[in-house]
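Residue strings, one per chain:
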Amino acid sequence: MTQAIRMHTHGGPEVLRWESVPTPEPGPGEALVHHAAVGLNFIDVYFRTGLYKTALPAIPGMEASGTITALGPDVTNFAVGDRVAYATAPIGAYATDRVLVTDRLVKLPDDIDFKTAAAMMLQGMTAQYLLRRTHKVTAGETILVHAAAGGVGLILCQWAKSLGATVIGVTSTEAKAELARANGAAHTIVGTANLAEEVRHLTDGAGVPVVYDSIGRETFAASLDCLAPLGLMVSYGNASGPVGAIDVGLLAAKGSLFLTRPNLATYTAKRADLEAAARDLFAVVEKGAVRINVNQTFPLSDAARAHEALEARRTTGSTLLLP
Ligand code: NDP
């Protein structure tokens, strides 16, 4: 049997129950992975509440690291004993063991430990595509990063700095702002009450070429006001709720702006793109340009408490759930 967190209804953290489920068997092209560590991500909250739909009962979670313990027929590119990690749909990572198609697994280099891997695959490959593909950040640019002390946020701050960019990080508290600065943010703004004004002040009135906004509903309008003409609004999350319908005329009125609502699944859909993103991430971590901050750890059986902390904005950096 496998131990897993399952939800039978959508709702608050209390719907996350620790249960025994039959250990799945790998089919063609699949591997059974024994998890060493599971990553906590904000998207897990969206699946729990029902903002993102799933059939029930369901095991949440999209990210983990571990060892392959069995292989289905036809698998030639992986072996039992391989150290692997993943960040992908379908959900099902909150378990001691799970089956996944090997097309979505990445082999871990020897110098990347399981905890670092589980903490960084989803948030780190997200930072990779945001900074290297959605908008190719260049040296000398000033960029705006929301939730700068969060999981994706701390990675964005460090990675963008290593590319020579100046990061303005937005946080809700001074303590988080300090952490963002310690991780590469050159400037920080606490709260969003005067966001555009403060960004204009920091950029001599110019505004920024790109905003990375993971907050959604509460910050969308203010973020648009921070952009320079022809700037790019990257709305990549809904921590405060979805943005909903918008008037595209706003983009013209505010300076012929560009808008994208990207997700990691699209950017890693092709195996070659997944491998390239992971390679790029491993490289910045191995050379020390990006350090993965695992600032909270919970037993996997206590996933409900981890969700409470994440939603209450009590976490910083990355959070692990340990089987
Ligand atoms: P974080 O660690 O960043 O946690 C969320 C943070 O958002 C909080 O710590 C808080 O920081 C801020 N926040 C602002 N408003 C709220 C609110 N109303 N409720 C809760 N938090 C709020 O999470 P992750 O690093 O896991 O994810 C960051 C964001 O990126 C999420 O929105 C997630 O959905 C998105 N994401 C998108 C991906 C994509 O491909 N599109 C992939 C991965 C993540 P503070 O207190 O400083 O405001």
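Residues numbered from 1 in each chain as written. Predicted model: local features only at pLDDT ≥ 70, side-chain atom pairs only at ≥ 80, totals over all residues. Heavy atoms only, no water.

Draft legend 1. Examining the packing of aromatic side chains more closely. As enumerated under the stated definition, the model contains four aromatic pairs in all. Both rings, one in Tyr129 and one in Tyr267, keep their centres 4.1 Å apart while their planes meet at 10 degrees; by these two values the pair is stacked. Remark: Tyr267 occurs in helix α8 (residues 264-267) and Tyr129 occurs in helix α2 (residues 114-134); sequence separation between them is 138 residues. Owing to a relative accessible area of 3%, Tyr129 belongs among the buried residues under this scheme. Among the aromatic residues, those joined into a cluster by ring pairs are Phe42, Tyr46, Phe47 and Tyr52. Geometry around Phe114 places Arg83 over its ring, the cationic atom sitting 4.7 Å from the centre. Positioned over the ring face of Phe78 is Lys107, at 5.1 Å from the centre of the ring. (Phe/Tyr/Trp six-rings, centres within 6.5 Å; stacked < 30°, edge-to-face > 60°. Helix = DSSP H or I, 4+ residues; strand = E, 2+ residues; numbered from the N terminus. Buried < 20%, exposed > 50% of the residue type's maximum accessible area, 1.4 Å probe, protein only. Lys NZ or Arg CZ within 6 Å of the ring centre and 35° of its normal.)

Draft legend 2. View of the site of the ligand. Surveying the vicinity of the ligand reveals 28 residues, the closest of which are Tyr129, Val152, Ser172, Lys176 and Leu264. Between an oxygen atom of the ligand and a side-chain N or O atom of Lys176, the distance comes to 2.6 Å. Protein chains shield 92% of the accessible area of the ligand, which is 910 Å² for the free molecule. Counting residues per element, the ones that place at least two in the shell around the ligand are α1 (42-49), α2, α3 (151-162) and α10 (303-311). Tallying contributions element by element places α2 first for the shell around the ligand, with four residues. Residue classes in the shell around the ligand are distributed as twelve nonpolar, twelve polar and four charged. Built from parts of two domains, the shell around the ligand gets at least three residues from each of domain 1 (2-121 + 270-322) and domain 2 (139-261). (Near = heavy atom within 4 Å. Polar contact = N/O pair within 3.5 Å; in protein donor to acceptor, adjacent residues only side chain to side chain. Areas by Shrake-Rupley, 256 points an atom, 1.4 Å probe, with all protein chains shown as cover. Nonpolar A, V, L, I, M, F, W, Y, C, P; charged D, E, K, R; others polar. Domains from an automatic or database assignment.)

Draft legend 3. Inspection of unusual backbone geometry at higher detail. Omega for the bond connecting Leu56 with Pro57 falls within 30 degrees of zero, at -5 degrees, which places this linkage in the cis form. With respect to the element layout, Pro57 can be found in the loop between α1 and β4 (63-71). The peptide bond linking Ala89 to Pro90 adopts the cis configuration, its omega dihedral lying at -5 degrees. With respect to the secondary-structure elements, Pro90 resides in the loop between β5 (83-87) and β6 (97-101).

Draft legend 4. Region of interest: the domain arrangement of the protein. Its domain assignment divides the protein into domain 1 (2-121 + 270-322) and domain 2 (139-261). A C-alpha centroid distance of 28 Å is found between domain 1 and domain 2. Domain 1 puts 18 residues into the contact, and the matching count from domain 2 is 17 residues. The tally of links from domain 1 across to domain 2 stands at zero salt bridges. Taken together, the elements giving at least two residues each to the side of domain 1 that touches domain 2 come down to α1 and α9 (271-286). Top element by residues in the side of domain 1 that touches domain 2 is α9. It accounts for three residues. (Contact = heavy atoms within 4.5 Å. Salt bridge = Lys/Arg side-chain N within 4 Å of Asp/Glu carboxyl O.)

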